[in-house]
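Below are the chains, spelled out letter by letter.
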Amino acid sequence: MATPTSAGATSGRTFFGHPWGLATLFFTELWERFSFYGLRAILVLFLIAPPADSGLGMAEGTAKALLGVYMAMVYFVALPGGWIADRILGARRAVLVGGVVIMCGHLSMAVPGGAGFVYLGLMLIILGTGLLKPNISTMVGKLYDGEPDARRDSAFSIFYMGINIGSLAPFLVGYLGQDVNWHVGFGAAAVGMALGLAQYVIGGRHLRGVGDRPGNPLTPAERTRVFRTVGLVLALVAAVLAAFAVTGRLTVDGVTVALTALAIVVPVAYFAFMFRSPEVSGEERVRLRAYVWLFVAAALFWMIFDQAAGPLNIFAQQKVDLTILGWDMPSSWTQNINPILIICFSAVFAWLWVRLGDRVGTPHKFAFALVMCGLSFVVMSIASNAAAGGARISLLWLIAVYLLQTLGELCLSPVGLSVTTRLAPQAFASQMMGVWFLATAAGDAVGGQVARFQGALGDVTYFLLLGALTVAAGVVMFLFVRALRRLMGEDRAPAADPAGTRA
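What counts and what doesn't
Per-chain numbering applies: the sequence of each chain, read as written, is numbered from 1 onward. pLDDT decides what is reported in this predicted model: residues at 70 or higher carry local features, side-chain atom pairs at 80 or more are listed and counted, and totals for whole chains, interfaces and linings draw on all residues regardless. Hydrogens and water molecules were not included; the side-chain quantities draw on all heavy atoms of the structure. Numbered from the N terminus, helices here are DSSP runs of H or I no shorter than four residues, and strands are runs of E no shorter than two. Here the globule rule is a power law, 2.2 Å times the number of residues to the power 0.38, and the radius of gyration is based on C-alpha atoms. For every residue, the accessible area (1.4 Å probe, protein chains only) is compared with the maximum for its type, and the residue is labelled buried under 20%, exposed over 50%, or partly exposed between those bounds. Contact criterion: two residues are considered in contact whenever any of their non-hydrogen atoms come within 4.5 Å of each other. In these tables, accessible area is a Shrake-Rupley quantity obtained with a 1.4 Å probe, and a residue counts as shielded only by the protein chains included in the view. Neither His nor the chain ends is counted toward charge; the positive residues are Lys and Arg and the negative residues Asp and Glu. One atom stands in for each charge, and that atom is NZ of Lys, CZ of Arg, CG of Asp or CD of Glu. By definition here, a helix of n residues has an expected span of 1.5 Å times n minus one. Contacts described as polar in this section are N or O atom pairs within 3.5 Å, which, within protein, must combine one atom able to donate a hydrogen with one able to accept it, while residues neighboring in sequence count only if both atoms come from side chains. Here is the rule: rings of Phe, Tyr and Trp (six-membered ring for Trp) pair when centre to centre is within 6.5 Å. Planes less than 30 degrees apart are stacked, more than 60 are edge-to-face, and the remainder are tilted. Salt bridges, as used here, are contacts in which a Lys or Arg side-chain nitrogen is within 4 Å of a carboxyl oxygen on Asp or Glu.

J.: Help me out: how do you make sense of the overall build of the protein in this one?
T.: What the protein contains, in helices and strands, is 19 helices and four strands. Rg of the C-alpha trace for the protein: 22 Å, near the compact-globule value of 23 Å for 503 residues, within the 12% margin. Taken over the C-alpha atoms alone, the protein extends approximately 60 × 55 × 50 Å along its principal axes. Residue burial in the protein is summarised as follows: out of 503 residues, 53% are buried. Restricting the contact set of the protein to residue pairs at least 6 apart, pairs at least 24 apart contribute 83%. When the accessible surface of the protein is summed, it comes to about 20,900 Å², and 68% of that surface belongs to carbon and sulfur atoms. Each charge class in the protein was averaged separately, 34 positive and 26 negative side chains, and the resulting centres sit 6 Å apart.

This is the structure we're talking about:
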């Protein structure tokens, strides 16, 4: 039976009881995440592989820093990407342009032409993701304008399942990259994005009226000022790059350090701007103070969690027994453990939050997430000690690590999305989701730089220090739960109803 027609629905055809436009967005996001997580699973392995094996032969510390900054910038550009859609392109065109740019980025990396094509490809993927990622979620919400919140929540649960399915890409991209050729793997990621684009264009008729126009288009005067500002920024960037080149600092290490500093400075400046804004009321300012602490906790969590694609990925390749019935499994396949666990436990946690209700607040969940993530690195320290003799250890060690991280992720990631919308000042409501992604950007960037010290400290000490620091941060947060809940006004807030998701 057909459901009531929503924005973007042009017929009675439905997708799990929802407008068919949701299917178009579901599969677009699925294939975009396929390309993203496929590349993520093999990027650091490609960077450190010797040129004889078609890799770049990069030092491990530099490769980890580059990976961290790449992932950071993917989330960092979500904020300007949302602004461009809202003021210039509209969400629908922004998603299309973003997808095309992402595909071109993967195609650039598929060309075996050296480091230049790799850096160009990463830059294009960053820019394209900034246009696609925040705006496709916006379009999902716009499908349900004027409809009950429960129906919207159900749609996002289905949408997020597409993210988790797409994140299983290492099964194909990892195999092709490691066992066939790195560039064939990158090419597979490009094909995935092309499939997503094709069905997005074909299914566009189900999205009529959804994101067709900018929500708050620039006036002619504003457009002139924006173009002047962009021109000045580009000129400044060019001048900085020229200065770095003249002084001999235009290196991968120099660029990653500069971008890490940017990933830290921007959220600090943005929070300062919001606190000083006359459009933020006194009560909103109090809640924003609480949100700052949640933001810092989230950045610390992602600093640890997203080292899965770097240090943990390399550890799997070098020190884990991946032989199954005489066949050597590609080490990149270990990157599938987390999304599989997410799919298994998402429904359990959604049920758990409903059962616990207001007895367990957002600060409780964030503190628990930090403890779980920290304990995962304590386990990694023990595993590293077991592998110190040169023998490869059981895959069960990594499964245990990813299980702890998954339990933490389900307590922080979806809950963070919910609390961001709840604590956002009214004047910054549409921008706060981009601010939330800045926590991931800051954590990933810092994590990439921190990973440089792994070689000097040794695996055992490195993982133990980071794990103990994160557990201690979680314990401290537990001690201040009551104060944070009072600042948030959470005693009066309804319980969150998060569904498991990947970013």
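Once the structure has been displayed, the description carries forward.
J.: It is not clear to me how helix H15 (residues 395–423) should be interpreted in this structure. Could you clarify?
T.: What sets the pattern is the α-helix's 3.6 residues per turn: residues three or four places apart point alike. An ideal rise of 1.5 Å per residue puts 42 Å on 29 residues; H15 measures up with 41 Å between its terminal C-alpha atoms. The residue sitting at the N-terminus of H15 and contributing the capping side-chain oxygen is Ser394; that oxygen lies 3.0 Å from the backbone nitrogen of Leu396.

J.: Explain unusual backbone geometry here, please?
T.: Note: most peptide bonds trans; most residues except glycine with negative phi. Although it is not a glycine, Ser54 sits at a positive phi angle of roughly 70°. Position of Ser54 among the secondary structure elements: in the loop between helix H1 (20–48) and helix H2 (60–76). The exposure class assigned to Ser54 is partly exposed, which follows from its relative accessible area of 30%. Unusually for a residue other than glycine, Leu325 sits at a positive phi of about 50°. Along the chain, Leu325 falls in the loop between strand S3 (323–324) and strand S4 (327–328). Judged by relative accessible area, Leu325 falls into the exposed class, the value being 88%.

J.: When you look at the packing of aromatic side chains in this model, what are you seeing that I'm missing?
T.: Ring pairs (aromatic) are described by centroid distance and by the angle formed between their planes. The full count for this structure, using the stated rule, is 22 aromatic pairs. With a centroid separation of 5.0 Å and an interplanar angle of 85°, the aromatic rings of Phe377 and Phe463 are classed as edge-to-face. Linking Phe377 in helix H14 (residues 362–386) with Phe463 in helix H18 (residues 459–479), this pair joins segments that are 86 residues apart in sequence. The same class applies to Phe377 as to Phe463, namely buried.

J.: Just checking my understanding: could you explain the side chain of Ser108 for this structure?
T.: With respect to the helices, strands and loops of the structure, Ser108 is situated in helix H4 (residues 91–110). With relative accessibility at 7%, the residue Ser108 sits in the buried group. From its side chain, Ser108 meets the backbone oxygen of Phe117 in a polar contact 2.7 Å long. What Ser108 contacts, discounting residues up to four positions off in sequence, is Phe117, Leu120 and Gly121.

J.: I keep staring at the environment of Gly55 and nothing clicks. Help me out?
T.: In this structure, Gly55 sits in the loop between H1 and H2. The class for Gly55 is buried, based on a relative accessible area of 11%. Counting along the chain gives 184 residues from Gly55 to Ala239, while the straight-line C-alpha distance between them is 31 Å. Ignoring sequence-local partners within four residues, the contact set of Gly55 consists of Phe46, Ala49, Pro50 and Trp182.

J.: Quick question: what am I supposed to make of the pattern of salt bridges here?
T.: For side chains bearing opposite charge, pairing can occur when the charged atoms are close. The full count for this structure, using the stated rule, is nine salt bridges. Across the pair Arg40 and Asp306 runs a salt bridge whose closest N-O atoms are separated by 3.3 Å. Placement of Arg40 in helix H1 and of Asp306 in the loop between helix H11 (282–305) and helix H12 (311–319) is noted, with a sequence separation of 266 residues between them. With respect to class, Arg40 is no different from Asp306; both count as buried. Here Glu222 makes a salt bridge to Arg87, at a shortest N to O gap of 2.7 Å. Here Glu222 is found in helix H9 (residues 220–246), whereas its partner Arg87 is found in helix H3 (residues 78–89), with 135 residues between them in sequence.

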